[in-house]
Amino acid sequence: MRADLHVHSNASDGTDSPAEVIRRAARAGIDAVALTDHDTVAGHPQARRALTGDLILVPGLELSCQLQGRSVHLLAYLFDPGDEELAAELTRIRDDRVLRARAMVDRLAGLGVDISWDQLAALAGPAVIGRPHIARAMVASGAIAAPRDAFTADWIADGGRAYVSRYALDPVRAIRLVRGAGGATVLAHPRAGREWELSDEQIAGLAAVGLAGVEVFHPDHNAAERTRLRALATDLGLLASGGSDDHGDLTGNRIGSETAAEGVCAALESMTSGARVMRAG
Ligand code: AMP
Ligand code: MN
Ligand code: MN
Ligand code: MN
């Protein structure tokens, strides 16, 4: 069973519609795909309608958290999307993303980058807005050549000149919230080497409060980190998950390029009660 448990659509900062994500997952020949947009489940109905054949859709999301002032991402699966406490937090995160994007537009204007809020809002459409939308607007305005060029200290990388922080959950609270909604959490890309990396001790701390798994197989993890994380997962009794973190054109199409260890999907199903995996028909 090959399951890519980390994929984005244009419900957040991916470039493809949820239906296109499902078509690409089917073409990749994998058995299961999780749609894990940032802070939203809005893409799930369309993804479900696009299912064909035996492909399984695992409903999920990627939750913005913050630990000691640093950004931490938690993947959540098979929770009840109607859970009021979780839904309220997601709304709060999304609302603050809008305020923060407006503030980043202002900062960029002060640095001579001429993108208007209206242009950015048109580009993002109904999506949960994130820095990749700002990066694309900067490309459109001619300020930079490619979206990745925005993620530097000059612009909108963490701590960059035009970076603005945003509301995010404490991961311990997030783990409990998702469990309370019948779901399970997996720590996303803890060793991606972007701005910082979680220590083994921090991961153990999250395991102690109910974290179900850790993403071992991720495009930004090198071979040595995979080996170390896999051993840590075994030590802590965590699932060794994996996924492509595909964002469509922004990452290059790579659905199915990374998959969870065998049995992870079934284990997530057995430990959750908030929602079921989805199949065609
Ligand atoms: P935000 O959630 O608005 O803070 O934006 C974070 C998103 O930006 C991540 O989910 C990635 O999609 C993208 N991102 C973060 N760091 C980089 C990077 N160094 N290069 C390209 N994209 C990045
Ligand atoms: Mn993203
Ligand atoms: Mn992430
Ligand atoms: Mn992601």
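Colleague: Could you clarify how one ought to interpret the overall build of the chain in this entry?
Modeller: Counting its secondary structure elements, the chain contains nine helices and seven strands. For the chain, the spread of C-alpha atoms along the principal axes amounts to about 50 × 45 × 40 Å. Looking at the 281 residues of the chain, the share that counts as buried comes to 55%. Contacts spanning at least 24 positions in sequence make up 71% of the contacts within the chain whose residues lie at least 6 apart. Working note: accessible area of the chain is about 11600 Å², and carbon and sulfur atoms make up 48% of it. Considering the chain, the positive charge centre built from 29 side chains and the negative charge centre built from 37 side chains are found 1 Å apart.

Colleague: I keep staring at the pattern of salt bridges and nothing clicks. Help me out?
Modeller: For side chains of opposite charge, pairing can occur when their charged atoms come near one another. Applying the stated criterion across every chain yields a total of twelve salt bridges. A salt bridge links Glu20 to Arg27, with the shortest nitrogen-to-oxygen separation between them at 3.5 Å. A relative accessible area of 22% means that Glu20 is categorised as partly exposed. Its relative accessible area of 61% is what places Arg27 among the exposed residues. With a closest N to O distance of 3.2 Å, Glu225 and Arg228 form a salt bridge. Of the two residues, Glu225 and Arg228 both sit in helix α8 (residues 223–236), three residues apart, roughly one turn of that helix. Here Glu225 falls in the buried class, since its relative accessible area comes to 11%. Overall, the relative accessible area of 49% leaves Arg228 in the partly exposed class. Connected through salt bridges with shared partners, the residues Arg191, Asp200, Glu225 and Arg228 form a single ionic network.

Colleague: Help me understand the pairing of strand β6 (residues 213–217), please; the structure alone is not making it clear to me.
Modeller: As a general feature of sheets, a regular strand has side chains that alternate between the two faces. Of all the five residues making up β6, five are buried; the element is thus mostly covered by neighbouring parts of the structure. As defined by bridge partners, strand β5 (residues 184–187) adjoins β6 across two bridges and the pair is classed as parallel. Residue Val186 lies in a different strand from β6, and its bridge partner there is Gly213. Once you follow β6 into α8 and on to strand β7 (residues 239–242), the crossover reads as right-handed.

Colleague: So what exactly am I meant to see when it comes to the coordination of the manganese ion (ligand 3) here?
Modeller: In a perfect tetrahedron of four donors around a metal, the angles come out at 109.5 degrees. In a perfect octahedron of six, they are 90 or 180 degrees. Protein coordination at the manganese ion (ligand 3): the donors are Glu62 (OE), His73 (ND1) and His189 (NE2), at 2.0 to 2.2 Å from the metal. Sequence spacing among the residues donating to the manganese ion (ligand 3) works out to E-x10-H-x115-H. The manganese ion (ligand 2) is placed at 5.5 Å from the manganese ion (ligand 3). Of the two residues, Glu62 is situated in strand β3 (residues 56–67) and His73 in strand β4 (residues 70–77); the sequence distance between them amounts to eleven residues.

Colleague: Quick question: what am I supposed to make of the site of ligand 1 here?
Modeller: In the vicinity of ligand 1, eleven residues are found, and the nearest of them are His38, Arg97, Arg100, Arg131 and His247. A distance of 3.2 Å separates an oxygen atom of ligand 1 from a polar side-chain atom of Asp13. One nitrogen or oxygen atom from the side chain of Arg100 is found 2.8 Å from an oxygen atom belonging to ligand 1. Elements with a contribution of two residues or more to the shell around ligand 1: α3 (84–110) and α5 (131–141).

Colleague: Just checking my understanding: could you explain the packing of aromatic side chains for this structure?
Modeller: Working definition: an aromatic ring pair is given by the centre-to-centre distance plus the angle between the planes. Applying the stated criterion to the full structure yields zero aromatic pairs. Its end group placed over the ring of Tyr167, Arg92 keeps NZ or CZ at 3.8 Å from the ring centre. The ring centre of Trp155 lies 5.0 Å from the NZ or CZ of Arg161, which sits over that ring.

Colleague: Just to check I follow, could you spell out the coordination of the manganese ion (ligand 2) for this structure?
Modeller: Only Asp13 (OD), His38 (NE2) and His247 (NE2) from the protein coordinate the manganese ion (ligand 2), and they sit 2.2 Å from it. Coordination of the manganese ion (ligand 2) draws on donor residues from a single chain, spaced D-x24-H-x208-H in sequence.

Colleague: Even after reading the chapter, I still don't get the side chain of Asp4, so can you show me in this structure?
Modeller: One can find Asp4 in strand β1 (residues 3–7). A polar atom in the side chain of Asp4 sits 2.7 Å from the side chain of Ser244.

Parameters at a glance
Residues numbered from 1 in each chain as written. Chains lettered and ligands numbered in written order. Predicted model: local features only at pLDDT ≥ 70, side-chain atom pairs only at ≥ 80, totals over all residues. Heavy atoms only, no water. Helix = DSSP H or I, 4+ residues; strand = E, 2+ residues; numbered from the N terminus. Buried < 20%, exposed > 50% of the residue type's maximum accessible area, 1.4 Å probe, protein only. Contact = heavy atoms within 4.5 Å. Areas by Shrake-Rupley, 256 points an atom, 1.4 Å probe, with all protein chains shown as cover. Lys, Arg positive; Asp, Glu negative; His and termini not counted. Charge placed at Lys NZ, Arg CZ, Asp CG, Glu CD. Salt bridge = Lys/Arg side-chain N within 4 Å of Asp/Glu carboxyl O. Pairing = 2+ DSSP bridges. Right-handed = clockwise from strand over helix to strand, strands pointing away. Donors = N, O, S within 2.8 Å, 3.2 Å for Na, K, Ca; no water. Near = heavy atom within 4 Å. Polar contact = N/O pair within 3.5 Å; in protein donor to acceptor, adjacent residues only side chain to side chain. Phe/Tyr/Trp six-rings, centres within 6.5 Å; stacked < 30°, edge-to-face > 60°. Lys NZ or Arg CZ within 6 Å of the ring centre and 35° of its normal.

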